[in-house]
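Structure assessment
Take a look at the letters that make up each chain.
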Amino acid sequence: MKILVINSGSSSIKFQFFDLDTEEVLCKGLLERIGQDEGIFNYTKKDEEKIVKNIPIEDHKDGLELVLEAITDNEHGVINSINEIDAVGHRIVHGGDRITDSVILNEESLKICEECSVLAPLHNPPNLMGVYALKELLDEKIPHVGVFDTAFHATMPEESFIYPLPYAMYTEHGIRRFGFHGTSHKYVAMKAAEHLGIPFEKFSGITVHLGNGSSITAVRDGKSVDTSLGYGTMCGVPMGTRAGDFDPAIILYMIEKLGLDAKDINGTIYKASGLLGLSGISSDYRDVESAAREGHGRAQIAIDVLTHSIGKYILALSANLDKIDAVVFTAGIGENSASLRKLVCNKLKVLGVKLDETENLKRGVTTVISSVDSGVRIMTVPTNEELMIALETKRLTKKSVS
Ligand code: AMP
């Protein structure tokens, strides 16, 4: 079964084309600077060199036409005709509280996705542009599936998703925790369970997604029961440029004493905080880590605040669980920084955590990095949101194409 996975942003589109019989990526690519004078099209066929073309890309439809031409190209393509595409999986950020699983994208579900744009104004509209453009370009028999960042968290119980604000904020305004990165949390939890030989529906643990955006999730019996991100993508642990948790009284101070308006505050807490705001150097963990190693005081403070917060969240979210099969690190920082994992595990001594220092140095593999006598198992699992989207697309469309 051949599945095209699309992640459509406002000025870029990422794609991967899978043969799900073998789970291999046949080709993948990235379109950038859509709508600008000079667009960039990156295309890589399995086992071949990357091809980079500078070409104007007028809009999303124009860009996706280039993708379809590339995958059916005589020389570098991987199929002869676009009708060999069995289904398309689309990443969609927000499904609100009405979309609680991946869905076939039809008139009814697309209407709900449109309505959820108010909850994710920077993400849902460009995600949907990709859907509409491909629906126009492909035969109408080819199914399109939406896979949502919020859906895995739909199983959270009320005590996890309702904020202790006046109840009408929830009932009348729909303000509640939604959670994000659900596709990644579900994928790494599934892979951890598979690695440990535990059926997914019996797996419980904490998944720690640490990238430019970060969130930590408690998974009980294969379901998300609590997570650190909330209504928007601001709370929880500090991120590249986002603050994560801080006392909302500070927002009142910014308004009343500093005279900042909503736009200024948005810029401060979303774009100028987190690793960047603390270190004053960069939002990129690699830069902060190397500056700290050279003795840069504020870079060290950024790492201290981050690792303290991650440790605190892992312990707090554990309150949702009866057992921890594994604490699973993933995404750019979680998969790659052995030193960050060590610092976080030092915060988990109360759980009797002990690292296997050699195993902790491995990168890009699914492995247990704690020692055999550790009180709780610690793992790394490389995330693969595109593969998860492809697997979800297969699950939803299996019946209609077989
Ligand atoms: P992501 O959003 O998952 O792509 O993750 C991006 C983050 O991962 C950035 O902060 C990078 O600095 C960080 N990252 C990527 N590679 C490494 C590495 N080798 N060591 C430490 N951090 C890394």
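Data block above holds the structure.
What this report covers is the structure whose coordinates are included nearby. (Residues numbered from 1 in each chain as written. Predicted model: local features only at pLDDT ≥ 70, side-chain atom pairs only at ≥ 80, totals over all residues. Heavy atoms only, no water.)

1. With respect to the sheet that holds strand 7 (residues 103–104)
Reading across the sheet, the eight strands line up as 5-4-3-2-1-6-8-7 and stay open at both edges, with mixed pairing between neighbours. Because the sheet does not close on itself, it has two edges, and the strands there are strand 5 (51–54) and strand 7. Judged from the four bridges that link them, strand 1 (residues 2–8) and strand 6 (residues 87–92) form a sheet pairing that is parallel. From the neighbouring strand, Val5 faces strand 6, where its bridge partner is Gly89. On the sheet, helix 3 (residues 124–137) packs against strand 1, strand 6 and strand 8 (144–148) and is oriented at approximately 165° with respect to strand 6. (Pairing = 2+ DSSP bridges. Helix = DSSP H or I, 4+ residues; strand = E, 2+ residues; numbered from the N terminus. Contact = heavy atoms within 4.5 Å. Axes fitted to C-alpha atoms, helices over the stretch in contact; angles between N-to-C directions.)

2. Here we look at the site of the ligand
The ligand sits among Gly211, Asn212, Asp284, Tyr285, Arg286, Glu289, Ala331, Gly332, Ile333, Asn336, Ser337 and Arg363. Burial of the ligand by the protein amounts to 75% of the accessible area it has alone, namely 510 Å². Mapped by element, the contributors of at least two residues to the shell around the ligand are helix 10 (285–293) and helix 12 (331–336). Partitioned by chemical class, the residues of the shell around the ligand number three nonpolar, five polar and four charged. (Near = heavy atom within 4 Å. Areas by Shrake-Rupley, 256 points an atom, 1.4 Å probe, with all protein chains shown as cover. Nonpolar A, V, L, I, M, F, W, Y, C, P; charged D, E, K, R; others polar.)

3. Quick word on the pattern of salt bridges
Counting across every chain of the model gives 17 salt bridges. For Glu194, the salt bridge is made with Lys191, and the minimal N-O distance between the two is 3.6 Å. Placement of both Glu194 and Lys191 in helix 6 (residues 182–196) is noted, with a separation of three residues, approximately one turn of the helix. Judged by its relative accessible area of 55%, Glu194 is exposed. The partner of Asp325 in a salt bridge is Lys323, and the shortest N-O contact between them spans 2.9 Å. You can call Asp325 buried: its relative accessible area is 11%. On the basis of relative accessible area, Lys323 is assigned to the partly exposed category, the value being 36%. By sharing partners, the salt bridges in this structure join Asp101, Lys186, Glu392 and Arg395 into a single network. (Salt bridge = Lys/Arg side-chain N within 4 Å of Asp/Glu carboxyl O. Buried < 20%, exposed > 50% of the residue type's maximum accessible area, 1.4 Å probe, protein only.)

4. Regarding the pairing of strand 11 (residues 223–227)
With four of its five residues buried, strand 11 lies for the most part within the structure. Here strand 10 (residues 214–220) pairs with strand 11 via four bridges, running antiparallel. Counterpart to Thr217 in the pairing with strand 11 is Thr227. Taken together, strand 10 and the strand that follows it, strand 11, pair antiparallel across an intervening segment of two residues, in which Asp221 is found at a positive phi of about 50°.

Take it as geometry only, folks, not as evidence of what the structure does.
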